[in-house]
Amino acid sequence: ITQDLSILFFQHKDAYQVILDGVKGGAKEKRLAAQFIPKFFKHFPELADSAINAQLDLCEDEDVSIRRQAIKELPQFATGDNLPRVADILTQLLQSDDSAEFNLVNNALLSIFKMDAKGTLGGLFSQILQGEDIVRERAIKFLSTKLKTLPEEVMTKEVEEFILTESKKVLEDVTGEEFVLFMKILSGLKSLQTVSGRQQLVELVAEQADLEQTFNPSDPDCVDRLLQCTRQAVPLFSKNVHSTKFVTYFCEHVLPNLSSLTTPVEGLDIQLEVLKLLAEMSSFCGDMEKLESNLKKLFDKLLEYMPLPPEEAENGENAGNEEPKLQFSYVECLLYSFHQLGRKLPDFLTAKLNAEKLKDFKIRLQYFARGLQVYIRQLRLALQGKTGEALKTEENKIKVVALKITNNINVLIKDLFHIPPSYKSTVTLSWKPVQKADASQKRASEDTTSSSPPKKASAGPKRDARQIYNPPSGKYSSNLGSFSYEQRGGFRGGRGRGWGGRGNRSRGRIY
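Residues numbered from 1 in each chain as written. Predicted model: local features only at pLDDT ≥ 70, side-chain atom pairs only at ≥ 80, totals over all residues. Heavy atoms only, no water.

Brief notes about the nonpolar core
Item 1. Ranked by size, the top nonpolar core spans 145 residues in total, and within it Ile37, Ile163, Phe246, Phe338 and Leu349 carry the most contacts.
Item 2. No other element matches helix α17 (residues 328-342), which puts nine residues into this core.
Item 3. Setting aside chain neighbours within four positions, we find Ile37 in contact with Tyr16, Ile19, Leu20, Val23, Ala51, Ala54, Gln55, Leu58 and Phe77.
Item 4. In this structure, Ile376, Leu379, Leu383 and Leu403 belong to the second largest nonpolar core, which totals five residues. (Core = buried A, V, L, I, M, F, W, Y, C linked by side-chain atoms within 4.5 Å. Buried < 20%, exposed > 50% of the residue type's maximum accessible area, 1.4 Å probe, protein only. Helix = DSSP H or I, 4+ residues; strand = E, 2+ residues; numbered from the N terminus. Contact = heavy atoms within 4.5 Å.)

The following block contains the structure:
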């Protein structure tokens, strides 16, 4: 019968029109139409628009089985100039809340991706730029999850360049959450895993961060935007892709306002998060124009967290009621950043500070070092003999991190006590996984070979597992606050170019 129908359709356009009209009939006619419209579509190019529209009517039918059949057959219409339109239609259908339909749409998109990647991307990006919010959201998530599954013969250099070009258009107007997803998409492209590729991504992030703008520490959105952008930039930095622009901005605009920072995220120690980001970036800072000035700002902020010893009364006891609080987590970050930048100006402490200031700093270091030794001994004693499961308890995890923090500070302080101060010691920040000795050299050699992407680093501990170690001086305390490093949702409201609301979008079917 099918063969006879095929001959009939070749000879009679009117017969195909009858099938197209079947979409207005009952359930049986619609099911037949859903199968035969795509089956003979290619034989009637003059009825292409009518055929596609008829199939779309079936994609919106009340009967779920008819809808699924119609969606499943949509890739058959993706020929020649029709492919971008079919991709556009399938992208709109991503808004379906029926899981089976949603999976069919995903599979259909992937199948036409393999026919014409650029044409399919054209349809996806068209909806991302102009479609409804739910369609935009799901189209972006489709790209962020599915692109990495496509083979190299599909994801050619030309296709990746198209993705980058279209993504830049989208990044002109995104929410924070969308920005993070697009960075995931772009950083997964093979062509952007070279030195020059990562540099392009850093420049994209810097543009989103709008580092030329005036920093407003009392505006939670301004602060959140900067931090979200910086989080995306940090993994891109290396010995060959420098963090100078970000480090400079943090030193000049963020550090002086550290105590005034506000955040929309409840329970987040925003000051510590800023200091951790600065510490991570400081390792990859290149030549800085105002190095001495920025090192001075960093030094002044460090002094705020390194107290002078309390004055002693005549009987040798403290004149005050309690000793200063030693904020080890903050000091680790600040001291590490100062140590990293200090390497670029090794005579800062001896030639740029007067004798009185240097003496004051040494006294603070000495006092802090004494407190450190007490806690290091207490922590080692508490962890002595504990292995395996015993170290996995929450209390012992905290103590292990605390020991890393205090040991790091101890190493850095010893360096600064040298005459002249030394900047040779290397420590791994307490929240970072320990790297092998040759890891930096290996990364450097990978960076210089632009033809092949760098190998993926081994996964470290989850970032939201980082915690503050901040016991009061004089006794051990395990009173910690949690520190979460993960990106949290998108931004809402006016945030300047690129981070505000996207305006009114068209609604309804725009096939």
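Side note on the packing of aromatic side chains
Item 1. Summed over all chains, the structure comprises 14 aromatic pairs.
Item 2. Plain terms: the ring middles of Phe299 and Phe361 are 4.9 Å apart, the flat faces sit at 70° to each other, and that makes the pair edge-to-face. Of the two residues, Phe299 sits in helix α16 (residues 291-304) while Phe361 sits in helix α19 (residues 355-383), which places them 62 residues apart along the sequence.
Item 3. For Phe299, a relative accessible area of 1% gives the class buried.
Item 4. A relative accessible area of 0% places Phe361 in the buried class. (Phe/Tyr/Trp six-rings, centres within 6.5 Å; stacked < 30°, edge-to-face > 60°.)

Section: the environment of Gln193
Item 1. Topologically, Gln193 is positioned in the loop between α11 (176-187) and α12 (195-209).
Item 2. Among the polar contacts made by the side chain of Gln193, one reaches the main-chain carbonyl oxygen of Gly188 at a distance of 3.3 Å. (Polar contact = N/O pair within 3.5 Å; in protein donor to acceptor, adjacent residues only side chain to side chain.)

Some thoughts on unusual backbone geometry
Item 1. Here Ile419 and Pro420 are connected by a cis peptide whose omega angle stands at -5°.
Item 2. With respect to the helices and strands, the residue Pro420 is situated in the loop between α20 (394-417) and α21 (439-447).
Item 3. Backbone geometry places Asp210, a non-glycine residue, at a positive phi of 55°.
Item 4. Structurally, the position occupied by Asp210 is in the loop between α12 and α13 (220-233).

Focus on the pattern of salt bridges
Item 1. Applying the stated criterion to the full structure yields 19 salt bridges.
Item 2. In this structure, Lys190 and Glu152 form a salt bridge, with 3.7 Å as the shortest nitrogen-oxygen distance. Taken together, the residues Lys190 in the loop between α11 and α12 and Glu152 in the loop between α9 (133-146) and α10 (157-170) connect sequence positions 38 residues apart.
Item 3. With relative accessibility at 42%, the residue Lys190 sits in the partly exposed group.
Item 4. Judged by relative accessible area, which is 58%, Glu152 ranks as exposed.
Item 5. Its salt-bridge partner being Asp360, residue Arg364 comes within 2.7 Å of it at the nearest N-O pair. Of this pair, Arg364 and Asp360 both sit in helix α19, four residues apart, which is roughly one turn of the helix.
Item 6. Arg364 sits in the buried class, given a relative accessible area of 14%. (Salt bridge = Lys/Arg side-chain N within 4 Å of Asp/Glu carboxyl O.)

With respect to the packing of helix α6 (residues 82-92) against helix α7 (residues 99-113)
Item 1. Packing of α6 against α7 brings their axes to within 10 Å, and their N-to-C directions diverge by 155°. With respect to each other, α6 and α7 are oriented roughly antiparallel. In this structure, α6 crosses over α7, and the sense of that crossing is left-handed. Seen from α6, the contacting residues are Leu83, Val86, Ala87, Leu90 and Thr91; seen from α7, they are Val105, Ala108, Leu109 and Ile112.
Item 2. Residues that form the contact of α6 with α7 fall into these classes: eight nonpolar, one polar and no charged. (Axes fitted to C-alpha atoms, helices over the stretch in contact; angles between N-to-C directions. Parallel < 35°, antiparallel > 145°, perpendicular 65-115°, else oblique. Left-handed = near helix turned anticlockwise from the far one by under 90°. Nonpolar A, V, L, I, M, F, W, Y, C, P; charged D, E, K, R; others polar.)

What about the packing of α11 against α12?
Item 1. In the contact formed by α11 and α12, the axes pass within 11 Å of each other and the chain directions differ by 170°. As the angle between them shows, α11 and α12 are arranged roughly antiparallel. For the pair formed by α11 and α12, the contact residues are Phe179, Met183, Leu186 and Ser187 on the first element and Leu201, Leu204, Val205 and Gln208 on the second.
Item 2. Here the contact of α11 with α12 is composed, by residue class, of six nonpolar, two polar and no charged.

Looking at the environment of Gln271
Item 1. By the secondary structure assignment, Gln271 is in helix α15 (residues 270-282).
Item 2. In this structure the C-alpha to C-alpha distance between Gln271 and Leu261, which are ten residues apart in sequence, comes to 7.1 Å.
Item 3. If we skip the residues at most four places from it in the chain, Gln271 touches Leu258, Ser259, Tyr305 and Tyr330.

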